[in-house]
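So the chains spell out like this:
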Amino acid sequence: MKPGQKAGGLINPDQKPEGLISPDLTRVMPYGDSLNDGAVQLSFTLPVPPGARAKEAARQLAEKMGLEQAQVVHMEGIDPRFTFFVVYGRSRHWVDYSIIKAPQAVKQVMSKQDVDAFIRTKFGRRLRIVGACIESDAHTVGIDAILNMKGYNGHKGLESYHGFEVHNLGAQVPGAQVAAKAIQVDADAILISQVVTQKDIHLTNLTKLVEILEAEGIRERIVLAVGGPRINHQLAQELGYDAGFGPGTYAGDVATFIVEELATRLETGTEQKGG
Amino acid sequence: MKPGQKAGGLINPDQKPEGLISPDLTRVMPYGDSLNDGAVQLSFTLPVPPGARAKEAARQLAEKMGLEQAQVVHMEGIDPRFTFFVVYGRSRHWVDYSIIKAPQAVKQVMSKQDVDAFIRTKFGRRLRIVGACIESDAHTVGIDAILNMKGYNGHKGLESYHGFEVHNLGAQVPGAQVAAKAIQVDADAILISQVVTQKDIHLTNLTKLVEILEAEGIRERIVLAVGGPRINHQLAQELGYDAGFGPGTYAGDVATFIVEELATRLETGTEQKGG
Amino acid sequence: MNKCREAAGKIVQETQKFIEAHTTTSVERAVARLLGIDGVDSQGVPLPNLVVEQVQQAGLLNKGIAYWLANGVLALGMTVQELAVRVGEGQVNLVKLPSQGIQQIREICAGLAVNTVKEISRQRSRREELLRELGEGQQPYLYVIVATGNIYEDVIQAQAAVRQGADIIAVIRSTGQSLLDYVPYGATTEGFGGTFATRENFRIMRKALDEVAGEVGRYVRLTNYCSGLCMPEIAVMGALERLDVMLNDSMYGIIFRDINMQRTFVDQYFSRMINGYSGIVINTGEDNYLTTADAVEAAHTVLASQFINEQFALVSGVPEEQMGLGHAFEITPELEDGFLLELAQAQLVREIFPKAPIKYMPPTKFMTGNIFQGQVQNALFNVASIMTGQGIHLLGMLTEAIHTPFLQDRYLSLENARYVFKTMRHLGEELEFKEDGVIQNRAGEVLLKAAGLLEEIAQLGLMTAISKGYFGDISRQPDGGKGLSGVIRKADSYYYNPFIKLFMRGRDE
Amino acid sequence: MNKCREAAGKIVQETQKFIEAHTTTSVERAVARLLGIDGVDSQGVPLPNLVVEQVQQAGLLNKGIAYWLANGVLALGMTVQELAVRVGEGQVNLVKLPSQGIQQIREICAGLAVNTVKEISRQRSRREELLRELGEGQQPYLYVIVATGNIYEDVIQAQAAVRQGADIIAVIRSTGQSLLDYVPYGATTEGFGGTFATRENFRIMRKALDEVAGEVGRYVRLTNYCSGLCMPEIAVMGALERLDVMLNDSMYGIIFRDINMQRTFVDQYFSRMINGYSGIVINTGEDNYLTTADAVEAAHTVLASQFINEQFALVSGVPEEQMGLGHAFEITPELEDGFLLELAQAQLVREIFPKAPIKYMPPTKFMTGNIFQGQVQNALFNVASIMTGQGIHLLGMLTEAIHTPFLQDRYLSLENARYVFKTMRHLGEELEFKEDGVIQNRAGEVLLKAAGLLEEIAQLGLMTAISKGYFGDISRQPDGGKGLSGVIRKADSYYYNPFIKLFMRGRDE
Ligand code: B12
Ligand code: B12
Ligand SMILES: Cc1ncc(COP(=O)(O)O)c(C=O)c1O
Ligand SMILES: Cc1ncc(COP(=O)(O)O)c(C=O)c1O
């Protein structure tokens, strides 16, 4: 560059180019170091030995995934038959963020006081909760975080609410046992936790429970919710649950959902229980 | 599971299921922990604030890239306007590995002795090489690894070959200077290195050099090769070079290419120089 | 330190009285296996279960299954396996057969037992031979898990890991297996979060590892779980199929699987006897406390449990060299100077159990979906391990919070550890902890609290202590939990189990 | 250690004689800027270049540009800037104007100079004020680069980094700028591997950082490169726009950019004077040796260069507290106990220059496309830094071998370092290195070799030593390289530069 040439475009310093900071929300693309550069990182293993052909295969795969200028930046044979790749590229794809909906079980989380007050006024009795980590799953930390007095991250669990009577059945509880307990205590809500997801075992377990509850004729009578690291509200609803809760859930979220849901049912005449 | 139920399928232990170890090479898919599970890891940043909608946007993007069961396993707001994601999913895509070609500049690398012997017998004179890291690029380690006596990883550089006379011009050499030097020493080959690739500066620099060489009328007379961490043979050819060399190249690779290429030209009558 | 050992000794001696007066269905099934029974009936029910159930239903298991089997063999003149098959077919009822002379019965048993014990010794010698021949990796051993649910995929993953430097391969069990009151049979391809522990699966993996060990010129150890309702049976399978390491804890099942404590105590005793004799290193499960409890507050409970596990191991004939006592790197990343506390604990355990191949577990509960940061957490864990010279180093996986390891996850973790271990190989020897500094003081504090805890437990008795929630904040009742119905009071001198003497004698020689 | 300092002192004194007898076009352009000239002509050529070239072409720059500008101001009765604009328009030739009295000229100059120097002092006070008001991060400071090539994207990236914990933001320059013999002008959006260093870009980033500093309640330092053919001019721009840190090395340009050594030595002297006076911390570039040389073999050359940089800094008025001497974590991961050598070096540098805010560079050349392993390499670098208490900690990026950092790369690196620094905060204080161990011995060895090297260089003279390839294995000739034509012998007492006294006095006060 000679002095006469300008170093880059000369721009009026007072006029910040707006595009840089306000992406078009109807066409949101990944961002690496420039708006809409589409920068994406990938890693995967292919069942082929390392070499120029393997590298090209990885590049082609990335291209099929919609990456332009895909660069295989790392290739390592991790076994005679397998090769690991790290790829960077520019995604052609975009999403229309402006129309994305991600329905949540709860809009506005109530405080513990408010929940208790709401229960007192609306129901005039304690609500009965049965909770469990079902079938082969023994990960109780999540459900305990929701149910136990102590709670999680400073958020007390449902046991600490005046308005709830909590029956925490613990780990590896067969679905039938959950149903039996719910019938025994005449539960208002059943809270399920599922953490292990390998080979979609959680879907199997959760579906099975719904079937049991239906067979026992109590599905309609109770609020049925599920939580876990790979659960979200939409998935839960697809599985026949009333609500689903993912990572970062606290007792307050599910408490709010339960009372609001029961109140709605009461109003629409679908809640039948007494005190 | 009751004792009567079998734990998984009962399989004849002597008959190893072949599919598990021999993937179909016409439909190669990523491998996580089971053949053809398509497991792929992604990470990227979107220019939207974190939240349920952002997570859903990330999931949709992964889906557009062809991932099934895409799981956003990590979401972190790294600025009020930007969110970082880690996603795992199962790629629907596959590549036909059986037909992949990845042409390389050299098929069979010759030893140093063989190259020298080849030069002695075929050309009967030393071949003259001009090397440089051109334009704004100052990364000389790569070109030095190829040219300098010392070489790289125990592979001596071209200077150590009897059959080459090497002129290493160093860093940030303008294209015009490369051409001048090549004319001055009546070079047989020009070796270029390009390391910085941001905003495709390497493409600009490399194209410019070809134009200069053509303008000087020497392009056809010399073997022109380029190397660098983001260079491969195909890209180089597209840019008008005779060969391209990527990471892990040693002097032997390029030496073999130069002598083979010059020999071919000699045979087909396109090489014109004397000793 | 001595106080701790004394108190733990007292605790174990007390419990040992109960243990020695009892047997369990799973101990007896293990005996049946040791006498030569294997396989399933036409419904897939394991034969050891069928024979033991038959005797138990008659209320006669208190004499020991060995007695009944030998009696049957004598009465019907067939092999034990044939006998079991007949039981399975409903053609024989063991307790209805005419009684044979007790002298003869014992002779038959002794003969069968010696054969099996010899086979176990052969496997032990084979291991020693291979170790001599091939050598082994440097400590800390690199230990990784495979957990695809499919034994054939596991083999692929395991062999790749070995080629990447792994010294120990653990085949993780499917969820739920620990609560099965039988051991599944055959090669299996459908587990959840792990692969079923079956004898055939053990065999397949053993063969695969021996193969790749030859290739890499390094003996590769195989690990499985000797835990749950079938502890002793799995110990038998492991002994016969030359497993090298077994997850085996005296209290894990009680606390984390709600298995009845009487059952667990009796089961662990016999299983450890077998492990001890087979030269198998046991791995205890103290790390599990820290997945629910806070690692800073509960550090002393880990140490206390290690002392108890040590004493239980000693009384069942497991030498110190086979005690892979467990602990874990589980302090929150948010704590300033948290690493100093991790170092203190790691160094403390290392010094208190100098001969034990301490098992060090990676961060798990503070791992997140941020796999990039996960690599860093695991790197610091690797640093702590090499600085303090741990024995068995379980590799943390960057995807811990996401899925059981992919092929590439294991490769990345192994690369991480190999680099850290190499570049810091002798760092521990170069450094001294400041006198009276944070690290030394922390170690002292943890030891002191452990001693206090152990003395309290010694006073209360172990069962009462557990029922009061002394471990993992979880309280279990002596009559609660799964498997109590399988606990049987021995018929004193009528009870017969030929293996106890053989295994315990083996140790004294 | 004392031997090293003495030898380095001698080396610098020798070179200083040459330096003080010369000026350069870039020193004079810096003076022009300090006197108030800014902007470009209609062709985009910077006015400081135009005025200096005009005088140089007349062969009269040996009196100093200050003389000619003041003369012009007096002769034409306009401001310096107006004068420069006219020169740009070809309407004025400075050397053709009637000579004014030398007394008046010096007065005019002194007046203009004092104004600028006051402005610089104001910026320095403003920095101190903001530091008092907002406070700052703990050392080691977290230093990250932005390098999008576009100043507006840089701002976005920089602000995000600060929110993630960064203490220092460096705007990396585009490739090639260091060889430009002028400073580009205005806001720029198209650089390669970096963003052009222009005064406007400095201003935009300074404003953005002050903004976000207020938000996070922590002063954020801004770094750029005072390096290349325009060293002194960039020093002026940095002083006026309140940069806080400047890459500024006495030999980097010679060795790594093939800039003429006479030019560099003269330029670095005046630029350091400005940096010193402005309270700007200089960062030296010894880390660069290790990107080409082997870190184990060449460790002592790093140390030797640090001693030389220290002495050059001292003679130009840079106090120790502003000397960010550079070194780097660049030992191959393949070397057993390599980390021990890294620790030895880091500790050594720390102890030899106790007041200097040592700049510690991350692994670069052994970084690969394996970003996951890159996180681990960077984690160990972070460990070494916190254990030895470095001052300025340049964050390694997991994508080092791939591209200049993405937004997420910086976030991941910051998270890495924040975690390591927190969990190991006082680890260094807890540990002692074994007497006579590997680490201590290595440190001793490196120091000894550095002393030997410095004494050899002192004997040879620095220019000869460089021409013999003593640094970075690269040999440069006194008459070779770029920019020699810009070196001018001062016309002894006729040479006039009002700033030297002002800046050097400022220091003594
Ligand atoms: C702790 C732990 C254990 C402990 C469990 C102790 C206990 N009492 O829970 C122990 C050591 C026993 C264990 C064992 C096993 N584990 Co585990 N374990 C973990 C670990 C490290 C942490 C899980 C945890 O406690 N998270 C903290 C809680 C608070 O988070 P959470 O569960 O997501 O809960 C939150 C939300 O999801 C939600 N939530 C959850 N449930 C519910 C319910 C309701 C109603 C609501 C409203 C909300 C809600 O709210 C909670 C608070 O915000 C994870 C790895 C990891 N870092 O995530 C592996 C992990 C979950 N385990 C795993 C596996 C495979 C196992 C084993 C099967 C391994 C084996 N084969 O031996 C065993 C067997 C367990 C079994 N039978 O299920 C895998 C699961 C893989 C998969 N995706 O399928 C993981 C991911 C580890 C891995 N990468 O392999 N484990
Ligand atoms: C060392 C280094 C430097 C040194 C260079 C010293 C020197 N004399 O070369 C210094 C410190 C000076 C430097 C400076 C800069 N660097 Co630099 N540097 C690196 C680093 C760490 C290593 C590069 C290297 O030496 N690799 C080793 C060699 C052996 O590998 P190689 O070049 O790929 O060569 C092999 C093959 O590619 C091939 N090959 C290469 N050339 C040729 C030619 C032929 C003919 C053949 C046959 C083969 C061949 O064979 C070689 C041997 O196998 C990389 C990061 C990294 N870890 O890769 C960054 C990196 C290359 N640098 C980078 C940048 C941006 C810069 C700067 C522009 C930063 C700045 N703005 O100040 C400056 C300016 C330099 C300039 N003007 O070009 C970026 C480039 C980003 C991009 N993709 O565009 C990188 C990737 C770092 C980063 N992430 O930001 N750098
Ligand atoms: C001692 C012990 N046994 C068993 C297990 C495995 O659990 P499960 O009971 O589900 O097989 C663990 C967990 O790590 C353990 O530490
Ligand atoms: C002192 C110094 N100046 C400048 C640079 C940057 O290089 P360039 O000359 O390309 O601006 C570096 C590189 O890190 C450096 O250390």
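Scroll up to find the structure this text is about.
Residue numbers here run from 1 along each chain, matching the order of that chain's written sequence. Starting at A for chains and at 1 for ligands, labels are handed out in the order in which the entities are written. Totals for whole chains, interfaces and linings use every residue, but because this is a predicted model, local features are given only for residues with pLDDT of at least 70 and side-chain atom pairs only at 80 or more, for both listing and counting. For the side-chain quantities, the full set of heavy atoms in the structure was used; hydrogens and water were omitted.

**Thoughts on the overall build of chain C**
Secondary structure elements are defined from DSSP: runs of H or I of at least 4 residues count as helices, runs of E of at least 2 residues count as strands, and each element is numbered from the N terminus. On a plain count of helices and strands, chain C comes out with 20 helices and twelve strands. In this treatment the radius of gyration is a C-alpha quantity, and the globule benchmark scales as 2.2 Å times the residue count to the 0.38 power. Over its C-alpha trace chain C gives a radius of gyration of 23 Å, about what one expects of a compact globule, namely 23 Å for 509 residues. When contacts within chain C are restricted to residue pairs at least 6 apart in sequence, those whose partners lie at least 24 apart make up 76%. Counted as positive: Lys and Arg. Counted as negative: Asp and Glu. His and the chain ends are not counted at all. Just so you know, the charge point we use is NZ for Lys, CZ for Arg, CG for Asp and CD for Glu. The positive charge centre, built from 47 side chains, and the negative charge centre, built from 59, are 6 Å apart in chain C. By definition in these notes, contact holds between two residues if any of their heavy atoms fall within 4.5 Å.

**Observations concerning the packing of helix α1 (residues 2-20) of chain C against helix α13 (residues 299-315) of chain C**
All names here are of chain C. Between N-to-C directions, angles cover 0 to 180 degrees, with each direction set by a line fitted to C-alpha atoms, over the stretch in contact for helices. Between α1 and α13, the least distance of the axes is 8 Å, while the angle of their chain directions is 50 degrees. Here α1 is positioned oblique relative to α13, judged by the angle of their axes. Our pair here, α1 against α13, has a crossing hand that is right-handed. Contacts between α1 and α13 pair Cys 4, Arg 5, Ala 8, Gly 9, Ile 11, Val 12, Thr 15, Gln 16 and Ile 19 from the former with Phe 307, Ile 308, Glu 310, Gln 311, Phe 312 and Val 315 from the latter. Residues are grouped as follows: nonpolar covers Ala, Val, Leu, Ile, Met, Phe, Trp, Tyr, Cys and Pro; charged covers Asp, Glu, Lys and Arg; every other residue, Gly included, is treated as polar. Residues belonging to the contact of α1 with α13 are distributed by class as follows: nine nonpolar, four polar and two charged. Any angle that is under 35 degrees is reported as roughly parallel, and any over 145 degrees as roughly antiparallel; angles of 65 to 115 degrees are reported as roughly perpendicular and all others as oblique. Take the far helix as your reference; a near helix turned counterclockwise from it by less than a right angle gives a left-handed crossing, and one turned clockwise gives a right-handed crossing.

**A few points about the coordination of the cobalt atom of ligand 1**
There is one protein donor for the cobalt atom of ligand 1, and it is His139(A) (NE2), at 2.2 Å. For His139(A), the position within the fold is in the loop between β4 (127-133) and α3 (141-147). Note that water is not among the atoms considered, so a metal site may appear incomplete; the donors listed are N, O and S atoms within 2.8 Å of the metal, with 3.2 Å applied to Na, K and Ca.

**Comments concerning the packing of helix α15 (residues 371-388) of chain C against helix α16 (residues 407-423) of chain D**
Between α15(C) and α16(D), whose axes approach to 9 Å, the crossing angle comes to 25 degrees. On the basis of the axis angle, α15(C) is roughly parallel to α16(D). Read as a crossing pair, α15(C) and α16(D) show a hand that is right-handed. Listed contacts from α16(D) to Phe372(C), Gln373(C), Val376(C), Gln377(C) and Leu380(C) of α15(C) are Leu412(D), Glu415(D), Asn416(D), Tyr419(D), Val420(D) and Thr423(D). Taken together, the residues of the contact of α15(C) with α16(D) break down into six nonpolar, four polar and one charged.

**Considering the relation of the copies chain C and chain D**
Overlay of chain C on chain D (RMSD 0.0 Å): rotation 180 degrees, translation along the axis 0.0 Å. Taken together, these values place the two copies in the relation of a two-fold axis. The fit set for superposing copies consists of C-alpha atoms from residues with pLDDT of at least 70 in both; the fit itself is least squares.

**Observations concerning the interface of chain C and chain D**
Of the residues lining the interface, 43 residues belong to chain C; the matching set on chain D comes to 43 residues. As a working definition, buried area equals the accessible area (1.4 Å probe) given up by two parts on being put together, with both sides summed. Taking both sides of the interface into account, the surface hidden between chain C and chain D amounts to around 3,900 Å²; carbon and sulfur atoms contribute 60%. Contact with chain D buries area across many residues of chain C, yet Phe372(C), Tyr419(C) and Glu430(C) alone supply 19% of it, more than any other trio. Glu336(D) is paired through a salt bridge with Arg425(C); the nearest N and O atoms lie 3.9 Å apart. Pairs of N or O atoms within 3.5 Å make up the polar contacts considered here, provided that, within protein, one atom can donate a hydrogen while the other can accept it, and that residues adjacent in sequence are counted only when both atoms are side-chain atoms. The interface formed by chain C and chain D holds 27 residue pairs in polar contact (both at pLDDT 80 or more) in total. Those elements giving two or more residues to the side of chain C that touches chain D turn out to be α14 (338-352), α15, α16 (407-423), α17 (427-430), β11 (431-433) and α18 (438-460) of chain C. Counting residues per element, the side of chain C that touches chain D draws most heavily on α15(C), which supplies ten residues. Class assignment for the residues of the side of chain C that touches chain D results in 24 nonpolar, nine polar and ten charged. The rule for pairing is simple: two strands pair if DSSP sees at least two bridges between them. Bridge count for β11(C) against strand β11 (residues 431-433) of chain D is three bridges, and the pairing is antiparallel. Looking at β11(D), one finds that Leu431(C) is bridged to Phe433(D). For salt bridges, the criterion is a side-chain nitrogen of Lys or Arg within 4 Å of an Asp or Glu carboxyl oxygen.

**A word on unusual backbone geometry**
The phi torsion of most residues other than glycine is negative, and most of the peptide bonds are trans. Backbone torsion omega between Gln139(C) and Pro140(C) reads -15 degrees, so that peptide bond is classified as cis. With respect to the helices, strands and loops of the structure, Pro140(C) is situated in the loop between α6 (102-134) and β2 (141-146). Phi at Asp200(B) takes a positive value of approximately 55 degrees, unusual for a residue other than glycine. Examined against the element boundaries, Asp200(B) turns out to sit in the loop between β6 (189-193) and α5 (201-215). Three labels apply to residues, based on accessible area from a 1.4 Å probe with only protein chains included: buried if under 20% of the type maximum, exposed if over 50%, partly exposed otherwise in between. A relative accessible area of 31% places Asp200(B) in the partly exposed class. A positive phi angle, close to 65 degrees, is found at Asp337(C), a residue other than glycine. Mapped onto the elements, Asp337(C) comes out in the loop between β8 (326-328) and α14.

**Quick word on the sheet that holds β4(A)**
Note on sheets: strands pair through backbone hydrogen bonds, and any given pair is parallel or antiparallel. All names here are of chain A. Spatially, five strands are ordered β5-β4-β6-β7-β8 in an open sheet, and the strand pairing comes out parallel. Unpaired on one side and paired on the other, β5 (164-168) and β8 (243-245) mark the two borders of the sheet. Looking at each pair of strands side by side, their axes are set apart by 20 degrees on average, direction ignored. Two elements, strand β6 (residues 189-193) and strand β7 (residues 223-227), share five bridges in a ladder whose sense is parallel. Within β7, the position partnered with Leu 191 by the bridge is Ala 225. Contacts between helix α4 (residues 175-185) and the sheet are confined to β4, β5 and β6, with β4 contributing the most and set at about 165 degrees to the helix. The strands touched by helix α5 (residues 201-215) are β6 and β7; relative to β7, the strand with the most contacts, the crossing angle is about 170 degrees.

**Concerning helix α6 (residues 102-134) of chain D**
Residue and element names in this part refer to chain D. The span you would expect from a helix comes to 1.5 Å times its residue count less one. When the terminal C-alpha atoms of α6 are compared, their 47 Å separation across 33 residues agrees well with the 48 Å that a helix rising 1.5 Å per residue should span. Taken residue by residue, α6 has Ile 105, Cys 109, Ala 113, Thr 116, Val 117, Ile 120, Gln 123, Arg 127 and Leu 130 as its buried positions. Among the residues trailing α6, Gly 135 stands out with phi positive, at a value near 75 degrees.

**Focus: the pairing of strand β5 (residues 164-168) of chain B**
On any regular strand, side chains alternate: one points to one face of the sheet, the next to the other face. Residues and elements named next belong to chain B. Of the pairings in the sheet, the one linking strand β4 (residues 127-133) to β5 comprises five bridges and is parallel in character. Residue pairing across strands places Ile 129 opposite Val 166, the latter belonging to β5. Read from β4 through helix α3 (residues 141-147) to β5, the crossover connection turns out right-handed. We call a crossover right-handed when, viewed with the strands running away from us, the connection from the first strand over the helix to the second turns clockwise.

**Looking at the site of ligand 3**
Residue and element names in this part refer to chain C. One heavy atom within 4 Å of a molecule or strand is enough for the residue carrying it to be called near that molecule or strand. Taken together, the neighbourhood of ligand 3 is formed by Arg 173, Ser 178, Tyr 225, Ser 227, Leu 247, Asp 249, Tyr 252, Arg 257, Gly 285 and Asn 288. For ligand 3, an oxygen atom lies 3.0 Å from a polar atom in the side chain of Ser 178. In this structure, a nitrogen atom belonging to ligand 3 sits 2.5 Å away from a side-chain N or O atom of Ser 227. Notes on ligand 3: free accessible area 400 Å², of which the protein chains cover 87%. For the shell around ligand 3, the residue count by class is three nonpolar, four polar and three charged. Residue exposure ignores everything except the shown protein chains as possible cover, and the areas themselves are Shrake-Rupley values with a 1.4 Å probe.

**Quick notes on α16(C)**
In this model α16(C) runs 25 Å from its N-terminal to its C-terminal C-alpha over 17 residues, within 8% of the 24 Å that 1.5 Å per residue would give. α16(C) sits mainly inside the fold: 15 of its 17 residues count as buried.

**Regarding the packing of aromatic side chains**
Classification of ring pairs uses Phe, Tyr and Trp, with its six-membered ring standing for Trp, and accepts pairs whose centres are within 6.5 Å; under 30 degrees between planes counts as stacked, over 60 as edge-to-face, and the remaining range as tilted. On inspection of all chains with the given rule, the structure shows 43 aromatic pairs over all chains. For the pair Tyr360(C) and Phe381(C), a centre-to-centre distance of 4.8 Å together with 50 degrees between the ring planes defines the contact as tilted. Here Tyr360(C) is found in strand β9 (residues 359-361), whereas its partner Phe381(C) is found in helix α15, with 21 residues between them in sequence. Note on accessibility: Tyr360(C) and Phe381(C) belong to one class, buried. Joined through ring pairs, the aromatic side chains of Phe84(A), Phe84(B), Phe372(C), Tyr411(C), Phe372(D) and Tyr411(D) make up one cluster. The ring centre of Trp94(A) lies 4.2 Å from the NZ or CZ of Lys64(B), which sits over that ring. As a reminder, the over-ring test applies to NZ of lysine and CZ of arginine, requiring each to be within 6 Å of the ring centre and within 35 degrees of the ring normal. Across from the ring centre of Tyr67(D), 4.3 Å away, lies the NZ or CZ of Lys63(D), which sits over that ring.

**Looking at the side chain of Arg410(D)**
All names here are of chain D. With respect to the element layout, Arg 410 can be found in helix α16. Buried Arg 410, no salt bridge; nearest opposite-charge side chain is Asp 154, N-O distance 6.3 Å. Not counting residues within four places of it along the chain, the set of residues in contact with Arg 410 comprises Val 144, Ile 145, Val 146, Gln 157, Ala 161, Met 397 and Pro 405.

**A few points about the pattern of salt bridges**
For the structure shown, the criterion picks out 80 salt bridges over all chains. The partner of Asp242(A) in a salt bridge is Arg265(A), with the nearest N and O atoms 2.9 Å apart. Taken together, the positions of Asp242(A) in the loop between α6 (233-238) and β8 and Arg265(A) in helix α7 (residues 251-267) put the pair 23 residues apart, joining distant regions of the chain. Both residues of the pair, Asp242(A) and Arg265(A), count as buried. Here Glu267(B) makes a salt bridge to Lys122(B), at a shortest N to O gap of 3.1 Å. Taken together, the residues Glu267(B) in helix α7 (residues 251-268) and Lys122(B) in helix α2 (residues 112-122) connect sequence positions 145 residues apart. Given the relative accessible area of 59%, Glu267(B) is considered exposed.

Purely geometric stuff here, so don't read any function into it on its own.
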